[in-house]
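Architecture and fold: a report
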Amino acid sequence: MLRNVAAVMLDGVHPFELAVVCEVFGIDRSDEGLPVYDFAVVSAEGPRLGTHVPGLTFSTPYGLERLAEADLVAVPAGDGFETRDFPPELLQALREAAGRGTRVLSVCSGVFALGAAGLLDDRRCAAHWRHADNLARRYPRARVEPDVLYVDEDPVITSAGTAAGIDACLHLVRKEQGPEVANRIARRMVVPPHRDGGQAQFIERPLPRNRCDTVGEVLVWMERHLDEEVTVEQLAARAHMSPRTFARRFQQETGTTPYRWILRQRVLLAQRLLEGTDETTDAIAGRTGFGNAASLRHQFVRTLGTTPQAYRRTFRGPGAQEPETAA
């Protein structure tokens, strides 16, 4: 059972990510019949630590020895975690905790501490999309999944960004103490007990135009005609190249194929229309070249891990409804 929780601070700790763990596990909600956790904030680098907020410091009487009794050890994010060295005593404590079956959970860049302890070796793990490539380079044995909100590879649980830390904590509560407890804690926090989709829906992927020396004009044309079906042969003719040469140049300058490029641009346009207009999904499908709502939904789920309707609710609020189709 999950009864004893310790959150580990290092110098430069991010207060919000630390507060995520404190909010889920550190508040006494026994008046509502919810479980009370034996919770402590632990320092890995002395009794007083700085944060990335100027003038804000934290202190705690607990050191790493407190981890020995924990059922869950959480490592929140901190400044420079992507490049810093971690205290050997902390890394050993994390290894020992995982070795005896204690769960170890990271929030955002806290995952780098887990990587330094060897806990990501041959395991799937989540990382904030801005840190995913760096994490994979620094710990090549980690199987980084950059599009998900969290990964549960018991006893190691990793989460992507700040809000994904809430998702991971509530997931663990749900797993250990059931959906009713997790839902009631989520209701107190005024957050969804579970979110659809992954972090792909939050990532912006602008095209690096400065590298597109020979196909740049064709890219501009393609962006203006996303609602039209085009072939490589037609695009090659616009670029005054053979289809084979055009496909090779396109791959060299954009890093992808014409089909994948236009598909991604169509999804991006659909995202903007869902965020900023009241158009129906059928109308958006027509404007973006998908043809119909079913095709739009299929590509949306495949690319972003969520539906157009759920995406609209996420970025326009829970009151956003699908507009009625004109008769």
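This part takes up the pairing of strand β9 (residues 150-153). With 4 bridges joining them, β9 and strand β10 (residues 156-159) adopt antiparallel strand pairing. Among the inter-strand pairings, E153 is bridged to a residue of β10, identified as V156. Here β9 folds back onto β10 in antiparallel fashion, the turn holding 2 residues.

So, on to the environment of R287. With respect to the secondary-structure elements, R287 resides in helix α11 (residues 281-287). According to the relative accessible area criterion, R287 is partly exposed, its value standing at 42%. Ignoring sequence-local partners within four residues, the contact set of R287 consists of D227, L269, L273 and E279.

Quick look at the packing of aromatic side chains now. Within this structure, the stated rule accounts for 6 aromatic pairs. Centroid distance F250 to W261: 6.3 Å. Interplanar angle 85 degrees. Geometry classified as edge-to-face. With F250 in helix α9 (residues 243-254) and W261 in helix α10 (residues 258-276), the pair connects residues that are 11 residues apart, well separated along the chain. Relative accessible area serves as the criterion here: at 3%, W261 is assigned to the buried category. With 5.5 Å between their ring centres and 80 degrees between their planes, F300 and Y311 make a pair best called edge-to-face. With F300 in helix α12 (residues 293-304) and Y311 in helix α13 (residues 308-316), this pair connects stretches of sequence that are 11 residues apart. Looking at F300, the relative accessible area reads 0%, which means it is buried. For Y311, a relative accessible area of 1% translates into the label buried. Among the aromatic residues, ring-to-ring pairing joins F246, F250 and W261 into one connected group.

Rules used in this analysis
Residues numbered from 1 in each chain as written. Predicted model: local features only at pLDDT ≥ 70, side-chain atom pairs only at ≥ 80, totals over all residues. Heavy atoms only, no water. Pairing = 2+ DSSP bridges. Helix = DSSP H or I, 4+ residues; strand = E, 2+ residues; numbered from the N terminus. Buried < 20%, exposed > 50% of the residue type's maximum accessible area, 1.4 Å probe, protein only. Contact = heavy atoms within 4.5 Å. Phe/Tyr/Trp six-rings, centres within 6.5 Å; stacked < 30°, edge-to-face > 60°.

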